[in-house]
Amino acid sequence: MPTIISTKNILDNANDFKYIAEKIVSDIDTKYKHYPVQFFVNGLLSIELYLKTIYFANNGDYPKNDKNKGIHSLIELFNIIPDVDQDKLKEKYSDIESVLREYADGFIKFRYSYENFSLYGNQEKVMNLMKIFQDHCNNEYSEIIKKYFDSNQIWYI
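In this report, the structure presented in the accompanying data block is examined. Since the structure is predicted, the reported quantities are computational estimates derived from the model, not experimental observations. Here the residue index of a chain counts from 1 through its sequence in written order. Where local features are concerned, this predicted model is filtered to residues with pLDDT of at least 70; where side-chain atom pairs are given and counted, the filter is 80 or more; whole-chain, interface and lining totals use all residues. Only hydrogens and water are set aside; all other atoms, that is, all heavy atoms of the structure, feed into the side-chain values.

## A word on helix 2 (residues 36–59)
Consideration 1: Look at helix 2: 34 Å from first C-alpha to last across 24 residues, which is about the 34 Å you get at 1.5 Å a residue.
Consideration 2: Each residue is placed in one exposure class: buried if its accessible area under a 1.4 Å probe, protein chains only, is under 20% of its type's maximum, exposed if it is over 50%, and partly exposed if it falls in between. To qualify as a helix, a DSSP run of H or I must reach at least 4 residues; to qualify as a strand, a run of E must reach at least 2; elements of each kind are numbered from the N terminus. Of all the 24 residues making up helix 2, 18 are buried; the element is thus mostly covered by neighbouring parts of the structure.
Consideration 3: Following helix 2 by one or two positions, G60 has its phi on the positive side, about 70°. Here, expected helix span is obtained from the residue count minus one, scaled by 1.5 Å.

## Re the side chain of E48
Consideration 1: In this fold, E48 is placed in helix 2.
Consideration 2: A relative accessible area of 4% places E48 in the buried class.
Consideration 3: Contacts are assigned to residue pairs with any non-hydrogen atoms lying within 4.5 Å of each other. If we ignore the near neighbours within four places in the chain, the residues touching E48 are I71, H72, L74, L77 and F107.

## Some details on the environment of G106
Consideration 1: Its place among the elements puts G106 in helix 6 (residues 106–111).
Consideration 2: Placed 33 residues apart in sequence, G106 and S73 show a C-alpha to C-alpha distance of 8.3 Å.

## Observations concerning the nonpolar core
Generally speaking, soluble globular proteins have nonpolar side chains that are buried together.
Consideration 1: Counting residues in each nonpolar core, the largest one holds 39 residues, and the members touching the most others are L44, I47, L100 and F133.
Consideration 2: Within the residue set of this core, elements represented by two or more residues are helix 1 (2–27), helix 2, helix 3 (74–80), helix 5 (96–102), helix 6 and helix 7 (123–151).
Consideration 3: Sort the elements by how many residues they give to this core and helix 2 lands first, with 12 residues.
Consideration 4: Excluding anything up to four places from it in sequence, I47 contacts L74, L100, V126, L129, M130 and F133. Residues grouped as a nonpolar core are buried Ala, Val, Leu, Ile, Met, Phe, Trp, Tyr and Cys residues, joined through side-chain atoms within 4.5 Å.

## Topic: the pattern of salt bridges
When their charged atoms lie close together, side chains carrying opposite charge are able to pair.
Consideration 1: By convention in these notes, a salt bridge is any Lys or Arg side-chain nitrogen within 4 Å of a carboxyl oxygen on Asp or Glu. Within the structure shown, the criterion is met by seven salt bridges.
Consideration 2: Here E22 ties to K18 by a salt bridge, and the two come within 2.3 Å at their closest N and O atoms. Pair noted here: E22 and K18 are both in helix 1, with a separation of four residues, about one helical turn.
Consideration 3: Owing to a relative accessible area of 28%, E22 belongs among the partly exposed residues under this scheme.
Consideration 4: Notably, a salt bridge pairs D135 with K131, separated by 3.0 Å at the nearest N-O pair. Of this pair, D135 and K131 are both found in helix 7, four residues apart, which corresponds to roughly one turn of the helix.
Consideration 5: A relative accessible area of 42% means that K131 is categorised as partly exposed.

Function cannot be inferred from these measures alone, as they are strictly geometric.
Listed below in structure tokens is the structure:
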């Protein structure tokens, strides 16, 4: 039960951060102000959480490195999810590893962008990644979560 509930919590958070990233892009009047840093922070965090959804659903624990610290690098997370998930994601986006490597620590870099004045990013690449991961996680894991809650008559509010 804890694995299913935690998987649902991680997936819900990933979907929420993706939603905020998309709202930033779609609802802002870019004639006066745009929010690229906020888009990238939310978008890249959603991708990190989608990867952690996959990892947690398959391992029942959070990914950790050799020093027992949490992993946040997108490419490191991708490399430790099951091969079957990696293959499905590569089928959807052949350049996925390259983009994940490019933005491996993007959440941290964009979050502290005021320290680095030469920061840049490609919104379209991040939007594509968010969509691919959202589709994959919701298709692969939402049904497992739903069946669990339905079979145990648990209502999640």
